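# Chains, contacts and geometry: an overview
The chain contents come next:
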Amino acid sequence: MNGLTAPLNMQVHYISFSAHADFAQTSTFLKELMPPNIILVHGEANEMGRLKQKLITHFSDRNTKIISPKNCQSVEMYFNSEKMAKTIGRLAEKTPEVGETVNDLLVKKAFTYQIMAPDDLHVFSQLSTANISQRITIAYTGAFGVLEHRPKQIFESVESLPNEESEGPIFVSMNG
């Protein structure tokens, strides 16, 4: 990654087994796990090379990547980045039509994703929703039409409010 640090977004499972296992035991163990990547470490180089070749032959019918890096050699692994999300709550009651936009919340917990309506958030998680309103007031002495035009292009709603503090220009409240 060109020297950049990236957050760890995976789980690492470490399974310890005897270093004195023979090929039959090791290949049976790997056949049960069916990992997409096998990294061979901690062994005499010639024996590791022989084990790697036997495993390549043994797993030739699968798309298993078998690597035996040298000490301190970096290893790159690539994983499918496709994510699955489960719809729950009110959202799960109606199947959306193909192409229909779903405008709800995506909640990630550990490595699972759920899509739910905002009203269901407190039911299916320990999270809650809140409404945040912000008001920005800026004094302006130009024509109101010019001032009102630009915010309407940016925000959902723009409303004019009379300035009760002085007889100056009208101020604009933008909610969006």
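The following refers to the structure shown. Small disclaimer: the values here were computed from a predicted structure and weren't measured.

## What about the packing of aromatic side chains?
- Under the definition given, this model contains zero aromatic pairs.
- When the ring centre of Phe 23 is taken as origin, the NZ or CZ atom of Lys 54, which lies over that ring, is 4.9 Å away.

## Here's the deal with the packing of helix H1 (residues 23-33) against helix H2 (residues 45-58)
- Interaxial distance between H1 and H2 falls to 11 Å at its minimum, and their mutual angle equals 45°. Here H1 lies oblique to H2, going by the angle between them. Regarding H1 and H2, the two cross each other, and that crossing is right-handed. Where H1 abuts H2, its residues Phe 23, Ser 27, Leu 30 and Lys 31 lie against Leu 51, Lys 54, Leu 55 and His 58.

## Here we look at the sheet that holds strand E5 (residues 112-116)
- The mixed open sheet is built from three strands, whose spatial order is E3-E5-E4. A strand with exactly one partner marks an edge of an open sheet, and here the two such strands are strand E3 (85-87) and strand E4 (105-109). On average, adjacent strands in this sheet sit at an angle of 30° to one another, irrespective of strand direction.

Criteria and thresholds
Residues numbered from 1 in each chain as written. Predicted model: local features only at pLDDT ≥ 70, side-chain atom pairs only at ≥ 80, totals over all residues. Heavy atoms only, no water. Phe/Tyr/Trp six-rings, centres within 6.5 Å; stacked < 30°, edge-to-face > 60°. Lys NZ or Arg CZ within 6 Å of the ring centre and 35° of its normal. Axes fitted to C-alpha atoms, helices over the stretch in contact; angles between N-to-C directions. Helix = DSSP H or I, 4+ residues; strand = E, 2+ residues; numbered from the N terminus. Parallel < 35°, antiparallel > 145°, perpendicular 65-115°, else oblique. Left-handed = near helix turned anticlockwise from the far one by under 90°. Contact = heavy atoms within 4.5 Å. Pairing = 2+ DSSP bridges.

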